[in-house]
Each structure stands twice: as C-alpha cells, then as structure tokens.
Amino acid sequence: MYRVFFAGVATCALLTSPALAGEEVIYEAAPDWVKVSAFDVAAVDEGPSEVLYDWQHRMEDGVVHRYYDRIVRIDNPQSLNEEGTLQLAWSPDKGDLYVHRLEIIRGGEVIDLIADGVVFDVIRREEQLEARLLDGMLTATVAVPGLQEEDSLRLAYSQTLADQALGDEMQVLQYLPRKPWLVGQARTIVSWPDGAAISWRAGPDVKLREPVLKDGYNYIEVDLPLAKREDIPGDSPGRFRRAAILRVGSFADWQDLSRVMAPHYEKAAVIAEGGAIADEVDKIMAEHSDPLARAAATTQLVQDQVSYLLNGLNGGNYLPQAAEETWEKRYGDCKAKSVLLHSMLQRMGIQSDVVLVDSSDGDGMSELLPLPGNFDHMIVRANIDGVDYWLDGTSTSTRLRNIGEVPAFYYALPLRSEGLDLVEMTQRPQPYPDSIMRIFADQSAGPDLPMLYTYEIEFSGGGAAAIEKIADADDPEVRRKLARNMTNSEMGNAQVTDVSITYDDDKAAGLIRISGVADSVFDWYNGESRLDAGMLTGSVQFSPNRARPTWRNIPVATSGPSLNRASMQVTLPDGGKGYTMHGKSEFDETVANTRISRSTEFSGDMLSVTEEVQAMLGEVATADIAGEKRKAQIVSKYELEVRAPKDMKWRWDIEPNDLAKRIKPHAKAYGIAVDQAEDDDFQPLIARADFYLNIYDYEQALVDLDTVIDTQPTAQLHSKRAQALIELGRLDAAIEDLQTAYHITPTNSRAYYLADIMSRNGRSDEAIELLGFLPVSDDEIADQVSATSEILGRSGARDEGFALIAGQLEIEPENAGLLNSDCWFRGIYKHQINSAIEQCTKAVERAPYPAAALDSRAMVHFRLGDHAAAIEDLNAALELAPGMSAARFLRGVVKLDKGDKSGRSDVASALRQNPQLEAHYASFGVIPKM
C-alpha cells in the first residue's frame, strides 16, 4: 500500500490541506522546481525494500506545492498484495493532483505505465461517514497491471494546495522519520523565494542546516532517517515525547495567525435579529438571570441539539460553517458548533472567543512555530466575572455544576481581528466529582457470614453519556452483565438481586445502583478478623524512573483534572460492641499534584469512611521527584481497618435457631439471585451452594450442587458435593464424586483425599493400590508417604505405616509435613507414643503454618494424659485457624475427659461444622465423655 509520512491533524476537521480546484488527475512531467532524485535504477535490487522516499515542498504566492517520489521493491507475495493497488486522495476544492511517474523497474529496464496508457480512476466516497466525517475528498486509484515479485514500483506525484481561510499565508508540516526505519535513500526539501517572510523550526532534538540560496530560492534539506532517539520515559510531558516534525510557515507570530483566521469566524458568527438563533437566546435569557447559568444552558443546547458532522466540503477544513446554517441543519463540526455557541454568548452580552487548541499533545505549543496545523480542535472561551470558562460544543453533559472544569489542552489561541497571543489554560480544582462510589454493607449477621450490600456509582459530565444510553435502552441483559462486571471487581462472589440505572438530565448524572448478597467484608489475617477500610479510591503510587543520566532533567507529567470520591458504610455485628478501629482515620495530603483525603465516623454499630482524590494536570519538577516519592510512600501506608473482638462469636458457635434467623435475609437474597439468573448462568446456584456449605446446611447444598452438576459438571463441583456427602455420612456416594473429580482433573492431592475416604469406608486395599500408581516427583514423595502411612495404620498395618514414615524421614529429616505425619500417627494409634513429643515439637517449630502440627502434638499430650499441655496446644491452633473443627472437637474431648463440662460446647460446635468427626475420631478410640 502506498504510504506517505506527512504530519496531519484530524480531530475536528482542522486539517492541514489547502489547494486550487480540479476533479481530474493531471498527467505531466515533474515541475521545474522539483529536484528529481538522481537514482541508479540498477541499484533497486540492493538494500532495504523501501528503496527511495523523497518529499519536496515549494511555498510560493500563497500556494504550497507538495511532491512525493517513492520506489519500493516487491520482495514477497504480501508486498505484492499491499503495493498492487495505489490510492491517492486529494481535496478538489483546494488544489490539483498531478501524476508524474508510474513505473515498473524490472531487471534494469524501466516500464513506463503512463506511456502505456494506464490511468487512475477517480471516485468520490465518504469512507468515514459512519464516524460523522464528510470530508469531500476524491480518491484516484489504480490496480498496477503486470506487477510481479522482484519488480520495483515507482510512483511520483504532486499536489497544489491553497487554503481559502489562510489567504496568502502558507504552512508545511513534514514528519521526519527516525531510525530504525530502513530505507535506501530518503530526504525532505522545502523551498521558498528569497526575500519571502518564511520561518522554520524542527523538533524535538532535530538540528537543521541553514537554508541554501540557489537561483533565487532558499532550500532547507533534511537527510532521512534521523538518528534513533534516546528512549523517553512514558510519564514524560508530551513535549518531550512528540514526533520529530519540520514546520515551515509564513506567519510572523501567534498574533498574526489569530488575526488572519479571525475574520472568517467573526463573519460566520453573525446572526439575524429576530431569527431562530436569536429566539433561542432570548428563551434562555428569560429562564436564567445569572450569566454563568446562561452560559451553561447555552452550551447544553449546542451539545444536545446540534449533532456532530465534519463537513470538509467547499473549503470547510479551516473555514467555519455559518451559525445560521449550523442551527438550520442541526449538524456541524467543532468549528461550526463553536461559532454557534460564540454567537449566542455574544448576544447575551457574555464576552467570548472561539479558540484553537490541541486536544492530544498541547503542553509544548508555546515552543512551536505558529501554524494552524498545530491545532486539531476548537472550543469557546467565555469570560464571566473575570473568570475564563472553556466551553466545548462537541462535548456532552456540560451543566452549571461542572462548567468550571478546565480541559487538559494546556494552551489556546483566541481568534480576534486585532490578533491575540497564546493563552495558557490555567488549571483549577474540578468543581464536582467525575464519579462517586458508595458501598453500603450490612454485616450485622456476623463477621464470618455474608453481607447484604447496596453498591452505587454516580458518573457526572462526559462520563455519564454512556449511562444515559444504557438507561434509555432499558435492556435487562445489559443491566445484568454490567452489574456482574462491576460487583465482581469491587467485592468477592457478589450475587445481584436488583439493578437500577437512571439518568438525571438536569444534573447530567448517571446512577447505577446494585443490591445483593456477597462474601463478608471481613478477612481472617494474622490471628484476627479484620475489615480493610482504607484506600477506597485505589492505591497511592508515584514511582517514576529517572535513573538514566539522560532522563534526569525530564519532569514527570501528572494527569488531570479529575475528581473521584468513594465511601463505604458498614453496619457491624453485635451493635459494634468490641470492634475497634486502627490506622489513619483522617488525613488530607497532596502528592505529585494529587490531593488525597479521608474522613471517618465510627459510632455504635456504624462505620463510615469517605475518601477523595483530586488530580491536577501538571508536572513534577525533577528536583521535587524524590520528595514526592517519599510522600507517596508515606500516604500509601495510611491504612485503616476495623478489628473484630478476640471473643467474637463464629458461625459454628451460634445455636442453629439463632443462626437461621440471622441468615434468613441472606438466604432470601440468594434465592432471588437464583430465580433471576439466565438458564445458562449457574454462578448464583454455585454461590448459594457455597453459602449452605458454609452454614453447614449440607442437605440444601446438595440440592443446588445436584442441579448444577447435572448440566455443567466440573471437578471442583464434584469435590464440593463429595464434601457435603461425607458430612452426611454417605461415603459410597462421596467416593463416586471424588472418583469423577479425579478423572476430570487427575491431581495427586485429589487422589490422596479419595484414598483417605475410601479407606474410611473399608476399602483400604483399593486406596493403597491407587496411591501406588500415582506419578510422584521427588518433591511429592513425602506427601505420598504421609497419605499411605495413615491408610496402612487404619487397615491395621501400623508397623508398616510407621516404618514408611521413618524411612522417608531418614532421607528428609527436616521435612515439616513428614514430622507432622509422624506425630499424628503416633498420637492416633498410640504407636511409640512415649518418644513422640520430641518429633511433634520439631514439626511445630519447622512448620510455616503450625496449626496442624499443634493439633497433632495435642493428640499426643492427650494420649499421655497431659490435659493442660493438650489444651494449650489446641488453643494455639484455634487462635491461628479458628475454623479448624478437628482441633475444636479434640479440645472438647480433652476438657470432658478432665471433667470440664464446657467441653460439650466445643464438641457441639465442631459437630455443627463436621458431623462426621464423631465417627472418625471414634475409630481411633477418641470418644467424648458427654
């Protein structure tokens, strides 16, 4: 495909393309001003496939002539496909298209296709009409006849370009490619008559040779590609990262540019007294007396009532559509909308200007040569009570409460007949949040039970436009998907019971409200149940890299302006009794142009936390980077958490009737989520099954698991169902599920569990056989030994089982898992029990998470009759792992054995969790003395 490297801008039809007027391709030799590249056609078979790139520009008498000459070698079928059809586009109202060469070079011979009668077809097609762009371009296209692999294709053509809006003024913007672009020969030349008031500048990091005077013309020539540029940090200001461009123009300064373009916009802004626009203005003035409210209402009218359409026909690139025409047609581009808005504000007596801006990379504008091609967008500056307001007719959702926002354009050029200079768009704090997130969590049932939640997020301004579309469409499927995506990102395993999406046009605010049931906001961490209530708006990070010597003088760009707020309100269990708050409850800090604040209220059972992040567009100077990094590190550690009391009541400690009352609303919510789910959406069913498993209602869990497994079986679901079946004493059915899970995903851990249950069900021989066939690496031998030894002990082969552990311990004497298996084996089977404590203590000391080893040692202490030591170890184990039902059961047994009736409570709690424990421990002769 034929390509040109030319700097263009297109965001709002501020396109850099001037010219005369021709709708037919003209075929003629290259004009005399062109310095045709002296190229040896015999060299086309050597070097890169891009053989030649030549860009030349002549600026004279208000016309820019652009010449392109390219040779490309066809090295492969892909290249043949890409280069076999040529397309050249031009604006017929601005100039002519000339084709000078269309040649195939083959074996040193030049085949002149133009001489052979090959011509371009001219078509008009609005390829970007779906993007609201009506540019009026013509396209000349030709399929190159006879082109083959190993040929080289040469195309040279030129355009004459003159923009009606610029009069006698001219501009050239030429992209200067850098290495590692591979090309045989490349250059760009710009020339103009000696004595013409022409300025030039290139950058960044481009050194130009002084112009050379020849035959009455000045020439700037740049050899390409430029040297490879040093890498630039991605967080650098845009002026450091922008592409290398040669800019040449006839404008004396910014004021000159403003003065040249202003008359077209002043003329277009004239509206008729008593006309349609005047009537609209009068209506707004009658409804609002405050100038700022009038400006907001007028901006909203232009945004809402005039659709966007780039109309590049008949000089439309820089020439604006008249305000009267825009209102009549109800469409226009950024120029048309800005002129309309400007005309209405003027009638209201509000001082305003149309201004040019760069919407993508404007921070370096003041360093550039004054050219209209530097800009890609137009908005309006209104001055009300001495304050500048920047109004964008192509944006959406401007209202009184957000009209003060300053867009991230850095600089603006007001267009006035007297000529104005660039104006810095001074930033100020955003007046209203872009988003407000609120989470209401009812955790009153208990810290280890699910929460009922309402999650709200309000988007304002431009961000609310998408919400308006969703609200208007009112599609239940879209609402469901949106709710699922949003809640999954904010809270774990959330199920949705209700979704509402509304849009308030007066405020230009969209509100999404989602209600449902989700996992607890409390987590078990380091021996405590904790609620992390900090950094609701995200982590605080500022860690730019300026280690390279060439980077040390490059500041850090900060994004903005933006304002986001997040709040969380939690209803705590038990009226908040015993719950304590820890960390930084209040702060207001500024880090790297970002203000971060937190406020907290904690009273009774209610915790409320609000955080706000106000980011400002700007830079952090290199001298300040280290200090801002330190600030960020400090603020990032401003944690906030609520801790449950040490004696909190866990769900297994709650009497069944009381637990049923507490979780009744949650069960109802899960039921609603299940009923509302699509037929192929099993997540609510799985979540409800997990809920029932966690509250030990194994029969109800089975109902949901059966439903899901019938349609969508997985190894995990079969394993969950096996868990429920085991607790209900249905070991045959549990083994079937575990076998299926193992067949689906044959992991060794699944095999160990399956073997254990088979052994408990009297099938130890099968279990041993299963374990003997497992593929086991050296790192997994200890696990296999532990599993096999316990099954051997259960089958009566205790000496063999113990010897298996002892043998592996000789190989791995420090293996904490093996040491624990040794301790546990001795305890449950009273095997060599008198020498067990030393091994048990090693297991405790070497285990990274010693709860299981403590439980094993407690069993040995119990067998040895040391009740106090056993209870001490069991207390320690349960402090680390409160949900360890086996340890709780054993603690109850030990207490009862020494006559402490409080052990009944431990036994009852443990059996609520795992009813099978009683039979399992009875097989070891461990029976509570109730």
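Residues numbered from 1 in each chain as written. Predicted model: local features only at pLDDT ≥ 70, side-chain atom pairs only at ≥ 80, totals over all residues. Heavy atoms only, no water.

Colleague: In this structure, what is going on with a negative patch on the surface? I would like to understand it.
Modeller: A grouping of Asp40, Asp45, Glu46, Glu149 and Glu150 is seen on the molecular surface, where their side chains present a negatively charged patch. Residue Glu150 is classed as exposed on the basis of its relative accessible area of 64%. (Patch = residues over 30% accessible without salt bridge, like charges linked within 9 Å, V, L, I, M, F, W, Y side chains within 5 Å. Areas by Shrake-Rupley, 256 points an atom, 1.4 Å probe, with all protein chains shown as cover. Salt bridge = Lys/Arg side-chain N within 4 Å of Asp/Glu carboxyl O. Lys, Arg positive; Asp, Glu negative; His and termini not counted. Charge placed at Lys NZ, Arg CZ, Asp CG, Glu CD. Buried < 20%, exposed > 50% of the residue type's maximum accessible area, 1.4 Å probe, protein only.)

Colleague: Would you take a moment to explain helix 5 (residues 291-305) for this structure?
Modeller: An α-helix turns once every 3.6 residues. As a result, residues three or four positions apart point the same way. Compared with the 21 Å implied by 1.5 Å per residue over 15 residues, the 21 Å span of helix 5 between its first and last C-alpha is a close match. Of all 15 residues that make up helix 5, 11 are buried, and the element is covered over most of its length. Of all the residues in helix 5, the buried ones are Leu292, Ala293, Arg294, Ala295, Ala296, Ala297, Thr298, Thr299, Leu301, Val302 and Gln303. Among the structural elements, helix 4 (276-287), helix 6 (323-329), helix 7 (334-347), strand 21 (377-384) and strand 22 (387-391) are those in contact with the buried residues of helix 5. (Helix = DSSP H or I, 4+ residues; strand = E, 2+ residues; numbered from the N terminus. Expected span 1.5 Å × (residues − 1). Contact = heavy atoms within 4.5 Å.)

Colleague: Would you take a moment to explain the pattern of salt bridges for this structure?
Modeller: Summed over all chains, the structure comprises 69 salt bridges. A salt bridge links Arg187 to Glu221, with the shortest nitrogen-to-oxygen separation between them at 3.8 Å. Of the two residues, Arg187 is situated in strand 12 (residues 185-193) and Glu221 in strand 15 (residues 217-224); the sequence distance between them amounts to 34 residues. Between Asp822 and Arg826 there is a salt bridge, with the nearest N and O atoms lying 2.6 Å from each other. Of the two residues, Asp822 and Arg826 both sit in helix 20 (residues 816-829), 4 residues apart, roughly one turn of that helix. Each member of the pair Asp822 and Arg826 is classed as buried. Overlapping salt bridges bring together Arg239, Arg242, Asp363, Glu367 and Glu619 as one network.

Colleague: What is the right way to read the sheet that holds strand 36 (residues 606-615) from this model?
Modeller: The strands that make up a sheet are held in pairs by hydrogen bonds between backbone atoms, and each pair lies either parallel or antiparallel. Reading across the sheet, the 8 strands line up as 27-28-26-25-32-36-35-34 and stay open at both edges, with mixed pairing between neighbours. Two strands in the sheet have a free side with no partner beyond their single neighbour: strand 27 (495-504) and strand 34 (587-591). Ignoring strand direction, the axes of neighbouring strands in this sheet form an average angle of 10 degrees. One ladder, built from 5 bridges, connects strand 34 with strand 35 (residues 594-603); its direction is antiparallel. Directly across from Val591, in strand 35, lies its bridge partner Thr594. Taken strand by strand, helix 9 (residues 476-490) contacts strand 25 (435-442), strand 26 (451-460), strand 27 and strand 28 (509-518), and its axis lies near 110 degrees from that of strand 27. Taken strand by strand, helix 10 (residues 622-636) contacts strand 34 and strand 35, and its axis lies near 150 degrees from that of strand 34. (Pairing = 2+ DSSP bridges. Axes fitted to C-alpha atoms, helices over the stretch in contact; angles between N-to-C directions.)

Colleague: How do you make sense of unusual backbone geometry when you look at a structure like this?
Modeller: Phi is mostly negative for residues that are not glycine, and the peptide bonds are mostly trans. The residue after Gly203, namely Pro204, is reached through a cis peptide bond having omega -5 degrees. Mapped onto the elements of the fold, Pro204 is located in the loop between strand 13 (199-203) and strand 14 (212-214). The omega torsion across Leu224 and Pro225 is 0 degrees, close enough to zero to call that bond cis. By the secondary structure assignment, Pro225 is in the loop between strand 15 and helix 2 (238-241). Positive phi outside glycine occurs at Ser397, with the angle close to 70 degrees.

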